[in-house]
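One letter stands for each residue in the lines below.
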Amino acid sequence: MPEHQPILHEYDAYISRHFAQEDAALTAAREDMAREGLPRINVSASEGKLLHLLALMSEAERILEIGTLGGYSTIWLARALPPHGKLITLELDAHHADVARKNIERAGLTAQVEVRVGPALETLSRMGASGEALFDMAFIDADKDGYVDYLHKVVPLVREGGLVLGDNTLSDEVLDEAATSGTKRYSSAVADHPDLVSTIVPVLRSQGIDGLLISIKRTGR
Ligand code: SAH
Ligand code: MG
């Protein structure tokens, strides 16, 4: 672990203490994920709050999430929806999806959240073909090698002025020029995309620094 990271953890704890306290449903979701053997790769509470704020700022009524895990980020996002809002979250692993559905139910969000099981690329292709209503926000957080393909499927599914968010885009690999990780390829594709205005916002987690790549869709600007 790089030397600065234990200190970054203290900064994260400060943000969480003041602005991102978990309630019982969020804590129970994390505990359930650990009990069910899911990897601990969910967003931090402080990043969950950032997602929640971005959803509120864009007045999101329809949110698309790619990579559900146990529904931890799903809960932070769905809580920003109005009562008639909808979040569709895509997950490959049926066990992860089961854990997520229970956590979403405990949080009282079953009416607003739909978990779709299967390879996200296939689900996204079906959504594109079936004339799915456009989303106000999309959060990409599944297998990193899929990010660039997800980007090309997701941008047409997001409304003009909507947000596309890419998680884990400021890992230590960004300092290694030779590395060609999925998230680095995603960041390059986003930077070159003619219809996206973007930057990476650093975020803190218990393991140290990472980032959320935030894009707004502005076609032909
Ligand atoms: N957004 C979650 C974390 C997601 S972890 C949170 O912060 O709480 C990444 C998830 O993507 C895992 O659950 C994994 O099973 C899922 N995943 C991996 N490959 C996938 C694919 N091809 N399609 C859909 N989901 C996939
Ligand atoms: Mg992530």
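Residues numbered from 1 in each chain as written. Chains lettered and ligands numbered in written order. Predicted model: local features only at pLDDT ≥ 70, side-chain atom pairs only at ≥ 80, totals over all residues. Heavy atoms only, no water.

Q: Explain unusual backbone geometry here, please?
A: Glycine aside, the phi torsion of most residues is negative, and most peptide linkages are trans. Residue Leu 69 is not a glycine yet carries a positive backbone phi of 50°. By the secondary structure assignment, Leu 69 is in the loop between β1 (62-66) and α4 (72-78). Non-glycine residue Asn 168 carries a positive phi angle of around 65°. Within the secondary structure layout, Asn 168 lies in the loop between β5 (158-167) and α8 (182-192). Judged by its relative accessible area of 16%, Asn 168 is buried. (Helix = DSSP H or I, 4+ residues; strand = E, 2+ residues; numbered from the N terminus. Buried < 20%, exposed > 50% of the residue type's maximum accessible area, 1.4 Å probe, protein only.)

Q: When you look at the sheet that holds strand β4 (residues 135-140) in this model, what are you seeing that I'm missing?
A: Strands belonging to one sheet form pairs held by backbone hydrogen bonds; the direction of such a pair is parallel or antiparallel. The sheet built from seven strands is open, its strands ordered β3-β2-β1-β4-β5-β7-β6 with mixed pairing. The sheet is open, and its two borders are formed by β3 (113-117) and β6 (196-205), each paired with just one other strand. With strand direction ignored, the average angle separating the axes of adjacent strands in the sheet is 15°. (Pairing = 2+ DSSP bridges. Axes fitted to C-alpha atoms, helices over the stretch in contact; angles between N-to-C directions.)

Q: Would you mind going over the site of ligand 1 with me for this structure?
A: Taken together, the neighbourhood of ligand 1 is formed by 21 residues, with Gly 67, Ser 73, Glu 91, His 96 and Asp 141 sitting nearest. In the model, a nitrogen atom of ligand 1 is placed 2.8 Å from a nitrogen or oxygen of the Gly 67 main chain. With respect to ligand 1, the side chain of Asp 143 contributes an N or O atom lying 3.2 Å from a nitrogen atom. Bound to the protein, ligand 1 loses 90% of the 590 Å² it would expose on its own. (Near = heavy atom within 4 Å. Polar contact = N/O pair within 3.5 Å; in protein donor to acceptor, adjacent residues only side chain to side chain. Areas by Shrake-Rupley, 256 points an atom, 1.4 Å probe, with all protein chains shown as cover.)

Q: Just to check I follow, could you spell out the nonpolar core for this structure?
A: Note on soluble globular proteins: their nonpolar side chains tend to be buried together. Residues Ile 63, Leu 77, Met 137, Leu 165 and Leu 212 are the most contacted members of the largest nonpolar core, which totals 37 residues. The dominant element in this core, judged by the number of residues it contributes, is α4, at five residues. Counting residues in hydrophobic clusters, the runner-up holds 25 residues, among them Met 127, Val 154, Ala 189 and Leu 196. (Core = buried A, V, L, I, M, F, W, Y, C linked by side-chain atoms within 4.5 Å.)

Q: I'm lost on a negative patch on the surface in this one. Help?
A: Judged by side-chain charge, Asp 172, Glu 173, Asp 176 and Glu 177 come together as a negatively charged surface patch. Here Glu 173 is to be found in the loop between β5 and α8. Here Glu 173 falls in the partly exposed class, since its relative accessible area comes to 35%. (Patch = residues over 30% accessible without salt bridge, like charges linked within 9 Å, V, L, I, M, F, W, Y side chains within 5 Å. Salt bridge = Lys/Arg side-chain N within 4 Å of Asp/Glu carboxyl O. Lys, Arg positive; Asp, Glu negative; His and termini not counted. Charge placed at Lys NZ, Arg CZ, Asp CG, Glu CD.)

These results come straight from atomic positions and should not be treated as a statement about function.
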